[in-house]
Amino acid sequence: MRGGAATCGTSAHDGGMRRQWTGRPMVLGVRGGTGARRLPDTLAGVSKPVVRAQDLLVGYGGAPVCAPVAFTLAPGRALALVGPNGSGKSTVLRAVIGLLEPAGGVVEVFGAAVDERDVAFRARVASVLDDDAYFPALTVSEHLYLTARGHGVHGAQDVVDGLLDEFGLTEHARSLPVALSSGQRRRLLLAAALVRPRSLLVLDEPEQRLDHTMRDRLAQRLLDEKRAGGSVLLATHDPDLLRTVADRAVLVAEDRSRVLSAVEAAQQIAGGTA
Amino acid sequence: MSRDGGPGRADPRGTDRSGTAGPDAPDVDAAGADAAGSDVEGAAAESTAPDDGPGPADGPDPGDEPVVRPFEVGEVPPARAIRRYTAQAGSTRVGAGLGALLGDLYYAVISVAIGVLIALGVAQSLRVALPPAPPGALEGPSLAAIVVAILVGLAGALVSLAGRLGPIGAGGAEATWWLGLPVDRRGLLRPASRRLPALGALAGAVLVGLLDAGLLGASGERVVRVVLAAALVAAALVLLAGLGQAAGAPRRRLALLGDLVLVAAPVLAIVLTVAGWQVAALPAPSWPLVLVLAVVVVALAAALDRRLGAIPARTLRESGSVASQAVGAVVSLDSRELGRALTDAAMPSARRRTARLRTARGAASALVTADLVVLRRSARHLVQLVVSALVPALACAVPQLDSPVGVLLALVGGGYVAMSATGEGARRAEMAPVLDRLLPLDARRVRRLRMVVPAAAMVLWSLVAFGALGWWASDVPGFLVLGVVSAPVWAGAAVRASYRPAPDWGGPLVSTPAGALPSGVLAVLRRGPDVVVLGLLPVWICVLLRTVSPTLLVVQLACTLLAVLVCSSIRTGSFMDRALAAQEETGTKAGAR
């Protein structure tokens, strides 16, 4: 590995904190390093649903936050979780990606119990939750590059450049996170989920902090995701995004969870009941 | 299929995306029930029917078997390369080069060395000041026996701290950007897994070294062996906590285990005293024993390293978050935030039973009841209260410590720890003042009400601590009355410390033996302890004189009333600050005229 960022470029400063890096970008090497390896593909040909939740009960400290939910999600489809604030949508998503132990029921991803410690699971499942943490010294481009290279993407810099353009971050490619607005940081997180290979995309209210143009672009991107056979599981409060992307929705509620059509769910959101 | 993972601009869609089924994937949809709008309970049907609900028209075509397509990914880099990539950016761009690193190291070593030398000097002075052990059979436990109890307590505190901090975690950016990578997680976590054992070893070496060289007066090679053994034992304890974490033990359980050991320490000392167990001197570990300990530590480290990959991300995230909060609190000298971080780390996220709050019959009683519930539910603070109550009692029982100065130091130290434990309700209220504002109570009254639970707790504490003092001074009733009368001072100080403003880092620097300190920070940190020092002056005099006179009792009563008044104040500035502000205001008015 070599570090190509030995020069210190002229930079804008904000109270002593550099906001942009104008030196050479750093390179993350693979070859020559011990431990570089190719990921096994143990899931090819699996015909089970990408996600299957059966009577899934989620909560904290044994106390459920919502009624049990049940759904399946197949390749090339999108499912939305809807419900009012605090209804448990994010908690369900956390259980699906293994960040929360279910309080009851079953949740399977690719036909197996969720175990994010499994490398193959991490390779296939991309998620954007409410995280808002960044390495202060890595530029926007390098955050994406790190993610892409960490997932074994070849030609990573080209893929990163394409996504920077798509998410309107090209001008900020060399910016450090401190220089980004809230919406730009959100775009960075979304781009990071898309810069890497995936079979399942889990998004928690991806529309948050995005302007209308970017929401439309995101919706288009998620449609592309489905067309290419990827599955999308998202929690959302945006009726337009839901109508455009989701095939079905699950209304997560305290008393009883229900499956709705996308249109019905969008109407409920617009009517303020979800 | 491309290995490029996510599609770039040139390839926004299509089969070369590293995905699953291609565009001809079947129309298998998410369906918790067999029809839209139906109840999902117990009806998770895996529908293979075409999309019968309104949905986007451009989904995959129905018909094919829904299979996950092959997933081809290029070589992933080793975890070490990921770590180095991130670290290199940091060191290159935030001026953390070799020079800066050596500079930081220099300052850290010098600071630690100065701190250790000061503490060593104090301990040796204490040792010199302590009366020699009386010849023949001792009436109480020896100093060595007390040191044994202290060692047990330190071990408990270390385990408790390790449990609350993880001990292995990945917070912030590491959790977001590293833990999702399909690389060997062990390699990512290796530095984190070594950090806390190393810190534990350092703390163990310093503290036990101080006890051995200072209090017990040991010197030479013995101290080296003791220090090494202590460092290794401390590291082993943290590593064991790490193995517990890897095995799935909840942090709360590890913290509770440590707390129980901590409580056991003074209890052990009392049991030993009652049983008449005497230790003339503590044996020093031999070199072979030190070697065996080193081998054990290496074996534990290797075992933990093998299990790092078994620690779930949720645990790593939680631990990393707590550690970040604790480190931030330490760096900013914010003991309240540190307490919150460590307390919350071991709190259950839900309670089995809901407190009925029967005693809440109005705004005032609701506030007091809430404080009581907060204290009752915090095991750490209850442990603190119990342990700290036994400290003066032990000082009174040890022949070499039962001088007025020794007992006074034990009383001050134990009282301060106990006082800090009782202020949790006020600290929580300071952090989220909105609840106080919802109550129809003025701020001064809120402060006074916040003293009720601390005062009650400190009365109970005083019954033990001052009861022991009374036994030591052969005046149990007098000291008990003194303890009860002085309890509100501790309570007031606890509330005053809880409501202190955030440290002001903008003030001028004050030179201290440990380096420069901002005076604004010191001004804030002294709020609370100042009341203890001044408001309990009659108590200190009584202890030093070993007697309670009616005059001093009356003076203490007056001091208590004054302390309660001072601690009820909602002004945050010091008297000098207020005087200066008044002077400026007067000057401004005069100028205007």
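Everything numeric in this text was worked out from a predicted model, so none of it was measured.

Participant: Lay out the overall build of chain A in plain terms, naming residues and giving numbers.
Facilitator: The secondary structure content of chain A amounts to 8 helices and 15 strands. Of all 274 residues assigned to chain A, the portion counted as buried reaches 62%. Here the contacts in chain A between residues at least 6 apart in sequence split such that 65% fall between residues at least 24 apart.

Participant: So what about the environment of A213 of chain B? Which residues, and what values?
Facilitator: Residues and elements named next belong to chain B. Here A213 lies in helix α5 (residues 185-215). In this structure the C-alpha to C-alpha distance between A213 and Q124, which are 89 residues apart in sequence, comes to 7.5 Å. Discounting chain neighbours no more than four positions away, the residues touching A213 are L120, Q124, A218 and V223.

Participant: So, the sheet that holds strand β8 (residues 78-82) of chain A: which residues are in play, and what are the values?
Facilitator: All names here are of chain A. The strand order β11-β12-β13-β8-β14-β15 describes an open sheet built from 6 strands, whose pairing is mixed. Strands at the two margins of the open sheet, each flanked by one partner only, are β11 (125-128) and β15 (258-261). Neighbouring strand axes in the sheet, compared pairwise and without regard to direction, differ in orientation by 20° on average. Here 4 bridges tie β8 to strand β13 (residues 231-235), and the two strands are oriented parallel to one another. By the bridge assignment, A80 is partnered in β13 with L234. On top of the sheet, helix α5 (residues 182-194) reaches β11 and β12 (200-204); it is set at about 175° to β11, its chief contact.

Participant: Got a sec to walk through the pattern of salt bridges? Specific residues and values, please.
Facilitator: Residue and element names in this part refer to chain A. With the rule as written, the count across this model stands at 29 salt bridges over all chains. For E108, the salt bridge identified is with R52, shortest N-O distance 3.3 Å. Taken together, the positions of E108 in strand β9 (residues 104-109) and R52 in strand β4 (residues 51-57) put the pair 56 residues apart, joining distant regions of the chain. Classification of R52 by relative accessible area gives partly exposed; the value is 24%.

Participant: Help me get a handle on the sheet that holds β4 of chain A, residues and values and all.
Facilitator: All names here are of chain A. Strand order across the open sheet formed by 4 strands is β7-β4-β9-β10, with antiparallel pairing between neighbours. Across the chains shown, the open sheet's two edge strands, defined by having one partner strand only, are β7 (69-73) and β10 (112-113). Bridge analysis of β4 against β9 gives 5 bridges, and the strand direction is antiparallel. Residue pairing in the sheet places L57 in a bridge with G104 of β9.

Participant: Account for the environment of Y60 of chain A, with residues named and values stated.
Facilitator: All names here are of chain A. Residue position: Y60 is located in strand β5 (residues 59-60). Taking relative accessible area as the criterion, Y60 reaches 35% and is therefore assigned partly exposed. A sequence separation of 41 residues divides Y60 from E101, and the C-alpha atoms of the two residues are 8.9 Å apart.

Participant: With reference to specific residues and values, describe helix α12 (residues 379-397) of chain B.
Facilitator: An α-helical turn contains 3.6 residues, so any two residues separated by three or four positions project in the same direction. Between its terminal C-alpha atoms α12 of chain B stretches 27 Å, which fits the 27 Å expected from 19 residues at 1.5 Å a residue. The element α12 of chain B is largely enclosed, with a buried count of 15 among its 19 residues.

Participant: I'd like a description of the nonpolar core, backed by residues and values.
Facilitator: Judged by nonpolar contacts, the single largest core of 64 residues is most densely connected at L146, F167, L188, L201, L222 and L242 of chain A together with W177 of chain B. Per-element accounting of this core gives the leading share, 7 residues, to α5 of chain A. By size, the runner-up hydrophobic cluster in this structure holds 57 residues, among which are V58, L81 and V96 of chain A together with A229 of chain B.

Participant: Break down the packing of aromatic side chains for me, with residues and values.
Facilitator: Under the defined criterion, the tally for this structure stands at 7 aromatic pairs over all chains. Both rings, one in F135 of chain A and one in W178 of chain B, keep their centres 5.7 Å apart while their planes meet at 45°; by these two values the pair is tilted. Highlighted residues: F135 of chain A in the loop between β11 and α3 (140-150) and W178 of chain B in the loop between α4 (172-177) and α5, drawn from two different chains. You can call F135 of chain A buried: its relative accessible area is 8%. Geometrically, the ring pair formed by Y145 of chain A and Y85 of chain B is tilted, given 6.0 Å between the ring centres and 45° between the ring planes. Linking Y145 of chain A in helix α3 with Y85 of chain B in helix α1 (residues 79-93), this pair reaches from one chain into another. Like Y85 of chain B, Y145 of chain A is buried. Among the aromatic side chains, those forming a connected cluster through ring pairs are W461, F466, W490 and W540 of chain B. Of note, R124 of chain A hangs over the ring of F110 of chain A, and the distance from its end group to the ring centre comes to 5.5 Å.

Participant: Summarise the pairing of β12 of chain A; cite the residues concerned and give the values.
Facilitator: All names here are of chain A. By the criterion of burial, β12 is predominantly enclosed, with 5 of the 5 residues buried. Along β12, one buried face is formed by L200, V202 and D204 and the opposite face, lined by L201 and L203, is buried too. Pairing between β11 and β12: 4 bridges, direction parallel. Its bridge partner being in β12, S127 is matched across the sheet by V202. Alignment of β12 against β13, held across 5 bridges, turns out to be parallel. If you follow D204 over to β13, its bridge partner there is A235.

Participant: Which residues make up empty space enclosed by the protein, and what are the values?
Facilitator: As enumerated under the stated definition, the model contains 2 cavities of 30 Å³ or more in all. Taken together, 26 residues line the largest cavity, and the ones lying closest to its centre are S127 and R196 of chain A together with T176, G180 and R317 of chain B. For the lining of the largest cavity, the elements supplying multiple residues, two or more each, are α2 (119-124), β11 and α5 of chain A together with α4 and α9 (313-331) of chain B. Taken together, the residues of the lining of the largest cavity break down into 15 nonpolar, 5 polar and 6 charged.

Participant: Which residues make up unusual backbone geometry, and what values go with them?
Facilitator: Of the consecutive residues G166 of chain B and P167 of chain B, the connecting peptide bond is found in the cis state with omega at 5°. Looking at the element boundaries, P167 of chain B is found in the loop between α3 (143-165) and α4. Phi at D55 of chain A takes a positive value of approximately 50°, unusual for a residue other than glycine. On the secondary structure map, D55 of chain A appears in strand β4.

Participant: So what's going on with the side chain of S568 of chain B? Residues and values would help.
Facilitator: Within the secondary structure, S568 of chain B sits in helix α22 (residues 550-568). Contact partners of S568 of chain B, with chain neighbours within four places excluded, come to R444, R447, R448 and M451 of chain B.

Participant: Please give an account of α5 of chain B that cites residues and values.
Facilitator: Residues and elements named next belong to chain B. In a regular helix each residue adds 1.5 Å, so 31 residues correspond to 45 Å; α5 covers 45 Å between its end C-alpha atoms and thus fits that length. Maximum bend of α5: about 25°, positioned at P191. In the stretch just after α5, G217 is the one whose phi turns positive, near 70°.

Participant: A description of a positive patch on the surface should follow, citing residues and the corresponding values.
Facilitator: Judged by side-chain charge, R252, R253, R351, R352, R353 and R376 of chain B come together as a positively charged surface patch. On the secondary structure map, R376 of chain B appears in helix α11 (residues 363-376).

Participant: Outline the confidence of the model for chain B, listing residues and values.
Facilitator: Where the model shows low pLDDT, its predicted coordinates should not be examined in detail. In the predicted model, chain B carries a mean pLDDT of 81, and 82% of its residues have values of at least 70. A low-confidence stretch, residues 1-63 of chain B (pLDDT under 50), is modelled with 202 contacts involving residues beyond four sequence positions or located in other chains.

Participant: Can you break down a nonpolar patch on the surface residue by residue, with the values?
Facilitator: Residues and elements named next belong to chain B. Taken together, the side chains of L98, L101, L102, L105 and V109 make up a nonpolar region of the molecular surface, amounting to roughly 520 Å² of accessible area. Among the secondary structure elements, L105 is positioned in helix α2 (residues 98-129). On the basis of relative accessibility, which here comes to 51%, the residue L105 falls in the exposed class.

Participant: Lay out the confidence of the model for chain A with the relevant residues and their values.
Facilitator: In this model, chain A carries a mean pLDDT of 85, and residues with pLDDT of at least 70 account for 83%. Under a pLDDT of 50 for its full length, residues 1-17 of chain A has, in the predicted model, 39 contacts with residues more than four places off or in other chains.

Participant: Talk me through the pairing of β9 of chain A; I want residue IDs and the actual numbers.
Facilitator: Residue and element names in this part refer to chain A. In this structure, β9 lies alongside β10, joined through 2 bridges in antiparallel fashion. Opposite V109, over in β10, you have A112 as the bridge partner. If you look at the hairpin formed by β9 and β10, you'll find 2 residues sitting between the two strands, and F110 has a positive phi there, around 55°.

Quick notes on the rules
Residues numbered from 1 in each chain as written. Chains lettered and ligands numbered in written order. Predicted model: local features only at pLDDT ≥ 70, side-chain atom pairs only at ≥ 80, totals over all residues. Heavy atoms only, no water. Helix = DSSP H or I, 4+ residues; strand = E, 2+ residues; numbered from the N terminus. Buried < 20%, exposed > 50% of the residue type's maximum accessible area, 1.4 Å probe, protein only. Contact = heavy atoms within 4.5 Å. Pairing = 2+ DSSP bridges. Axes fitted to C-alpha atoms, helices over the stretch in contact; angles between N-to-C directions. Salt bridge = Lys/Arg side-chain N within 4 Å of Asp/Glu carboxyl O. Expected span 1.5 Å × (residues − 1). Core = buried A, V, L, I, M, F, W, Y, C linked by side-chain atoms within 4.5 Å. Phe/Tyr/Trp six-rings, centres within 6.5 Å; stacked < 30°, edge-to-face > 60°. Lys NZ or Arg CZ within 6 Å of the ring centre and 35° of its normal. 1 Å grid on protein atoms, 1.4 Å probe; cavity = no way out; pocket = protein on both sides within 12 Å on 5 of 7 lines; lining within 4 Å. Points joined across faces, edges and corners; volume = space filled by probe spheres on them. Nonpolar A, V, L, I, M, F, W, Y, C, P; charged D, E, K, R; others polar. Bend = angle between axes of the 7 residues up to and from the residue. Patch = residues over 30% accessible without salt bridge, like charges linked within 9 Å, V, L, I, M, F, W, Y side chains within 5 Å. Areas by Shrake-Rupley, 256 points an atom, 1.4 Å probe, with all protein chains shown as cover. Lys, Arg positive; Asp, Glu negative; His and termini not counted. Charge placed at Lys NZ, Arg CZ, Asp CG, Glu CD. pLDDT = per-residue confidence, 0-100.

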